[in-house]
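This is what each chain is made of:
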Amino acid sequence: MADRHKSVTLSQRYCADPGTLTLVAEHQSMAIIDIGSNSVRLVVYRQSAGVWQKIINEKCQCRLGEGVAINGLIQTERLQTALEVLSRFAMLIKFAKPDKVIAIATSAVRDADNGPEFVRDSSNILGVELLVLSGQSEARYAAEGVRWSIPDAKGLVADLGGSSLELTNIGFSDQDHGSSLPIGPLQLIDLFGTDRKAAKSYIDDQLRRAIEPLKDKFPEELSKVNLFAVGGSWRSLAQLHIQNTAYPIKIVHRYRPHVQEFRGFLRPVSFMSHDEAIMLDVAQADRRMALPYASLILRRVLKWTKCSQVEFCSTGIREGALALHADNKSAGETSTIYSSTVKSLVPNGGRFGPIDKAMEEWVSQAYTADLGGIQTMSKQRVWEACALADFGWNEHPSHKKTATYMYLLNSTRLPHDHHARAQLAAIQFYRHKGRGADLNGLEICKLLDRREQRSAKILGRIIHLGMQVCRSQAALLKMTRLQVTTDQIEILYPKSWPEFHAGSIQSSCQMLSDACGLSVRLRPSAALGRS
């Protein structure tokens, strides 16, 4: 079986050696076709405001890897289904008109004796040459996919496909070191059926041989690094764990369960029968069938690596292909990808144009004074909250209070970890919610301590007051100042301005006062510019 783990190289232009992968010119849209052992998927990405978004996402569970471990061939019926699916993809691509099309295939096509024939037929249908990744390249693509959404990722990437597991380091050197192991769920089902004990011994043997040389690539013990778990079956396990624990955020991306508790959760799943797995309320039926072995593999990976933390990542090989084949300037810097994504949520930066810089300046003295411990948040998080000051402005008032909070908590567009999501959602909660509103009793409190909740409340109330004063107009906000003293907060405005009589502004002052424990007053100042 080991002899089948070879790459099929179509041409020098598509060399699968990760050291020779080159970037091409930046494109506004790109189609990625991913022919995996379990599913065949088309994703069309479009770049807007520096952020790549999925505009088409379609897949079919073709299960090309089923039976390959036993007879070395992709089954004829499954081949035919995959080719029909690719014909539909070709039609969708024709009408979507992406600037570039990249087609990649992984373990099943790489290992099967009839893989080259499938490559030929697929290439003819798609009109582009199909790149069959070597095991090392597959690991590299997965690592680049993780880096795409988590630029500062540092640790071990484990990408579980239908027929293989790819392992590679990330963030420790310029060159990732990857390996591919033949221990995917479909492969284990073929080889061992329901004999989990024999499968466990086989998995352990594969991991033992892979982990030992991999340890030399890390400057510290594996027990001190993070494990980034990639792959559809593992995401389904994370989704199941989120459901079972009533976790407040439903997004799998960047979910970090407690390792020991999560290993305890995985154990009964790994011993489920076929019928029990099918009854699980998660994923499609074909995916559920693979969950017991996916669970067993993850348990053994955690056991052998002893990684201190596991973090699930929804970006993988497809985003890796996007990163490697599109010279995207927005990826690569943590603050850049976060800033671009946050900006994209607010059309034009606000109803009267961008307000982020003006609001950040307005908030700055409160941050410098560490009002209410506001410095528990990073400057980047404060800027993001300021950039979101006018988020949801065109929604109905009774709807946006909850909608904006829930969107930030659960949107798939945000690359933030769950703690950062919770901070932004809490700030937005107090940005829109009226007097007396409190997070107490909401599940989000599991992710923020009391000091962080108070900081979010104060910042949310400051932004709310600022928006009341200027009515979303940056030019007006720049003419005012928020000034913090030991016993009060003053909102200074030009002496030439009319008095503030609107009840909403007085109410906003009181809400900020309630949040920070200081009196808040509006005061005209001759020192400020004239309107």
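Residues numbered from 1 in each chain as written. Predicted model: local features only at pLDDT ≥ 70, side-chain atom pairs only at ≥ 80, totals over all residues. Heavy atoms only, no water.

## Things to note about the sheet that holds strand E4 (residues 100–105)
Working step 1: Strand order in the open sheet formed by 5 strands is E3-E2-E1-E4-E5, and the pairing between neighbours is mixed. Only two strands of the sheet have a single neighbouring strand rather than two, namely strand E3 (51–60) and strand E5 (130–132). The sheet shows a mean angle of 20° between the axes of neighbouring strands, direction not considered.
Working step 2: Where strand E1 (residues 29–35) meets E4, 6 bridges bridge the pair, whose relative direction is parallel. What sits directly across from Ile32, in E4, is Ile102.
Working step 3: Along the sheet, helix H2 (residues 76–96) makes contact with E1, strand E2 (40–48), E3 and E4, crossing E2 at roughly 20°. (Pairing = 2+ DSSP bridges. Helix = DSSP H or I, 4+ residues; strand = E, 2+ residues; numbered from the N terminus. Axes fitted to C-alpha atoms, helices over the stretch in contact; angles between N-to-C directions. Contact = heavy atoms within 4.5 Å.)

## Brief notes about the confidence of the model for the chain
Working step 1: Overall, the predicted model of the chain reaches an average pLDDT of 88, with 91% of residues at or above 70.
Working step 2: Between residues 1–27, whose pLDDT stays under 50, and residues either more than four places distant or in other chains, the model counts 63 contacts. (pLDDT = per-residue confidence, 0-100.)

## Structural notes on unusual backbone geometry
Working step 1: The backbone of Lys306 shows a phi angle near 55°, a positive value even though the residue is not glycine.
Working step 2: By secondary structure assignment, the location of Lys306 is in the loop between helix H11 (285–305) and strand E10 (309–313).
Working step 3: Exposure remark for Lys306: the relative accessible area of 55% places this residue in the exposed category.
Working step 4: For Arg471, which is not glycine, the phi dihedral falls at a positive 50°.
Working step 5: Examined against the element boundaries, Arg471 turns out to sit in the loop between helix H18 (450–470) and helix H19 (474–477). (Buried < 20%, exposed > 50% of the residue type's maximum accessible area, 1.4 Å probe, protein only.)

## Side note on the pairing of E1
Working step 1: Burial analysis of E1 places 7 of its 7 residues in the buried class, the great majority of the element.
Working step 2: The alternating pattern of E1 places Ser29, Ala31, Ile33 and Ile35 on one face and Met30, Ile32 and Asp34 on the opposite face, and all of these are buried.
Working step 3: Of the pairings in the sheet, the one linking E1 to E2 comprises 7 bridges and is antiparallel in character. When the sheet's bridge partners are listed, Asp34 is paired in E2 with Arg41.
Working step 4: Hairpin connection of E1 to E2: 4 residues between the antiparallel strands.

## What about the side chain of Ser472?
Working step 1: Its place among the elements puts Ser472 in the loop between H18 and H19.
Working step 2: Within polar-contact distance, the side chain of Ser472 engages the side chain of Asp390 at 3.4 Å.
Working step 3: Beyond its immediate stretch of four places on either side in the chain, Ser472 contacts Arg351, Phe352, Ile355, Asp390 and Met467. (Polar contact = N/O pair within 3.5 Å; in protein donor to acceptor, adjacent residues only side chain to side chain.)

## Remarks on the packing of helix H9 (residues 259–270) against H11
Working step 1: Direction vectors running N to C along H9 and H11 enclose 140°, while the axes themselves pass 8 Å from each other. Taken as a pair, H9 and H11 cross one another with a handedness that is left-handed. From H9, Phe262, Arg263, Leu266, Arg267, Val269 and Ser270 reach across to H11, where they touch Leu291, Pro292, Ser295, Leu296, Leu298, Arg299, Leu302 and Lys303.
Working step 2: Grouping the constituent residues of the contact of H9 with H11 by class yields 8 nonpolar, 2 polar and 4 charged. (Left-handed = near helix turned anticlockwise from the far one by under 90°. Nonpolar A, V, L, I, M, F, W, Y, C, P; charged D, E, K, R; others polar.)

## A closer look at the environment of Pro248
Working step 1: Checked against the element boundaries, Pro248 lands in the loop between helix H8 (232–245) and H9.
Working step 2: Along the chain, Pro248 and Asn410 lie 162 residues apart, while their C-alpha atoms are 9.1 Å from each other.
Working step 3: Setting aside its immediate chain neighbours within four residues, Pro248 contacts Leu409, Asn410, Glu443, Ile444, Lys446 and Leu447.

## Description of the packing of helix H14 (residues 356–368) against H18
The description of two packed helices rests on the angle between their axes and on the distance between the axes.
Working step 1: Running from N to C, H14 and H18 point in directions that differ by 130°, and their axes come no closer than 10 Å. Here H18 runs oblique to H14, going by the angle between their axes. Relative to H18, the crossing made by H14 is right-handed. Contacts between H14 and H18 pair Met359, Trp362, Val363 and Ala366 from the former with Leu459, Ile462, Ile463, Leu465, Gly466 and Met467 from the latter.
Working step 2: A class-by-class count of the residues in the contact of H14 with H18 yields 9 nonpolar, 1 polar and no charged. (Parallel < 35°, antiparallel > 145°, perpendicular 65-115°, else oblique.)

## Looking at the pattern of salt bridges
Working step 1: In this structure the tally under the stated criterion is 25 salt bridges.
Working step 2: In this structure, Glu66 and Arg78 form a salt bridge, with 2.7 Å as the shortest nitrogen-oxygen distance. Note that Glu66 is positioned in the loop between E3 and helix H1 (68–71) and Arg78 in helix H2, a separation of 12 residues in sequence.
Working step 3: Here Arg140 makes a salt bridge to Glu144, at a shortest N to O gap of 3.2 Å. (Salt bridge = Lys/Arg side-chain N within 4 Å of Asp/Glu carboxyl O.)

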